[in-house]
Amino acid sequence: MAPDAVEIELDPGGRIRFHGRAEEWFSWLDTQLEQLALRAGAAPVSPPAVMPRAILDQAGYFEAFPEMAIPAHDDEGDAFLAPAACYHVYSTLQGRRLDGPYLVTLATTCGRQEVRTESDAGRLRRFRMREVVFVGPAAWVAATRDEWMAKAGAFAASIGLAGTMEQATDTFFGQPGRGRRLIQQIKQLKYELRMEAGAAGQVAAASFNLHESFFASRFDIRMADGSPAASGCAAFGIERWTLARLAQAGDGAPPT
Amino acid sequence: MTALIDNLLEFVRHDLLHGRDVEVDADTSLFEQGMVDSLGILRLIAFLEIQIDRPIADAEVVMEHFRTIRTIDRRFGGENGNRGA
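Below, the structure is looked at part by part. Source: prediction; values computed, not measured. (Residues numbered from 1 in each chain as written. Chains lettered and ligands numbered in written order. Predicted model: local features only at pLDDT ≥ 70, side-chain atom pairs only at ≥ 80, totals over all residues.)

**Details of the overall build of chain A**
In terms of regular secondary structure, chain A is built from 8 helices and 14 strands. In terms of overall dimensions, chain A is globule-like: its C-alpha atoms have a radius of gyration of 18 Å, near the 18 Å expected for 256 residues. Dimensions of chain A, computed from C-alpha atoms along their principal axes, come out at roughly 55 × 40 × 35 Å. Residues classed as buried in chain A amount to 44% of the 256 residues present. Of all intrachain contacts in chain A linking residues separated by at least 6 positions in sequence, the fraction that spans at least 24 positions is 72%. (Helix = DSSP H or I, 4+ residues; strand = E, 2+ residues; numbered from the N terminus. Rg over C-alpha atoms; globule rule 2.2 N^0.38 Å. Buried ≥ 20, exposed ≤ 12 C-beta atoms within 10 Å, placed from the backbone. Contact = placed C-beta atoms within 7 Å.)

Right under this line is the structure:
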């Protein structure tokens, strides 16, 4: 049975609000994904509500997406909604020398000036993103990314969600263009877990990314022996998971 | 050693690497330590297209085919009379 329309409220500005059973699923999914990360050994991180321009500058965000960031009203001055949760992590690790692999999970309201129609629930301008972020030796980061692809697929299946894991090339860092896209394709830097989400269509409910040393270089993050660190992340769009769950498996109550 | 391997080795050593002091042979991984970057892959593809006399579709540009000069030769070396020189 489809959720009652009043449970999903989409405003023209690109924000979705869930009520009733839809809200129960939204909260449950975020909690379950956090628990999945904690059980895997990730430390919880509480990011600030907004992100200073300086961090996005340092991360090269405006080079890749000059018009995408959404300004935030903040007493601290020039700040934006985080385009992705993981930028907070690289900023926190600025200049650090890591004794070993670093694994954290965090969630925040993200903002992007996405090109969208008013009724497009699958492409929001404000959305909740939960991430698992891994920073450490490149081989460990790559293996951890692959583990998270498996974990996410298994979790989706466990709650009745069908999806397909597909390679993608629109990473959120670096310069645009065919060369970058082909390098990403060859190196398999990004996969997406795509799901059918009813009226929202096919959505990328999660992405699994390798950044190589891109962010580590920009934030001077190295291993204790001086070797370059690498980073990667698994990112989950909670609204998209909620829409997919409601569309694919009905509006029964979440498990208790 | 095929003609395509010879030509690619020459191209990678002298054009992509600009004489940098990096050992490259037919089995060297092209995508470790930044040997081939986003501009380099476009130049490599352009060079290869000339060698095989046809355009290369994006879908063909995957690690299985581009990991090393030898894997490139395995995938594309039979085209346009490159094999067995």
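After that view, the rundown keeps rolling.
**Observations concerning the overall build of chain B**
For chain B, the helix and strand inventory stands at 4 helices and 0 strands. Of the regular secondary structure in chain B, the N- to C-terminal order runs α-α-α-α. Taken against the 2.2 N^0.38 rule, which gives 12 Å for 85 residues, the C-alpha radius of gyration of chain B at 12 Å falls within 12% of a compact globule. Along the three orthogonal principal directions, the C-alpha set of chain B runs to about 30 × 25 × 20 Å. A buried classification covers 18% of the 85 residues belonging to chain B. Of the contacts made within chain B by residues no fewer than 6 positions apart, 69% connect residues no fewer than 24 positions apart.

**Some details on the packing of helix α1 (residues 3-16) of chain B against helix α4 (residues 69-76) of chain B**
Residues and elements named next belong to chain B. Here α1 crosses α4 at 140 degrees, and the two axes come no closer than 10 Å. Considering their axes alone, α1 and α4 lie oblique with respect to each other. Seen along the crossing, α1 lies across α4 with a hand that is right-handed. Residue-level inspection shows Leu4, Ile5, Leu8, Leu9 and Val12 of α1 in contact with α4, the latter providing Ile69, Arg70, Ile72, Asp73 and Phe76. (Axes fitted to C-alpha atoms, helices over the stretch in contact; angles between N-to-C directions. Parallel < 35°, antiparallel > 145°, perpendicular 65-115°, else oblique. Left-handed = near helix turned anticlockwise from the far one by under 90°.)

**Notes on helix α6 (residues 178-187) of chain A**
Along an α-helix, a turn takes 3.6 residues, which lines up residues three or four apart on a common side. In terms of burial, α6 of chain A is largely enclosed, as 7 of its 10 residues are buried. In this fold, the buried residues of α6 of chain A make contact with β10 (163-168) and β11 (190-196) of chain A together with α2 (38-52) and α3 (63-66) of chain B. A positive backbone phi angle near 55 degrees is found at glutamine 188 of chain A, which sits one or two residues after α6 of chain A.

**With respect to α2 of chain B**
Between its first and last C-alpha, α2 of chain B extends 21 Å over 15 residues, near the 21 Å set by a 1.5 Å rise per residue. Looking at α2 of chain B, one finds that the buried residues are Ile41, Leu44 and Leu48 of chain B. Each buried residue of α2 of chain B sits inside an arc of 60 degrees when the element is viewed along its axis, so together they form one side. Structural note: α2 of chain B exposes Ala46 and Ile50 of chain B on the side pointing more than 90 degrees away from its buried face. Tucked inside the fold, the buried residues of α2 of chain B contact α6 of chain A together with α1 and α4 of chain B. Note on α2 of chain B: the residue one or two positions beyond its end, aspartate 53 of chain B, has a positive phi of about 60 degrees. (Expected span 1.5 Å × (residues − 1). Arc of directions from axis to C-beta.)

**Considering the interface of chain A and chain B**
At the junction of the two partners, chain A supplies 11 residues and chain B supplies 11 residues. By residue class, the composition of the side of chain A that touches chain B is 3 nonpolar, 5 polar and 3 charged. (Nonpolar A, V, L, I, M, F, W, Y, C, P; charged D, E, K, R; others polar.)

All quantities given are derived from atomic positions and should not be read as evidence of function.
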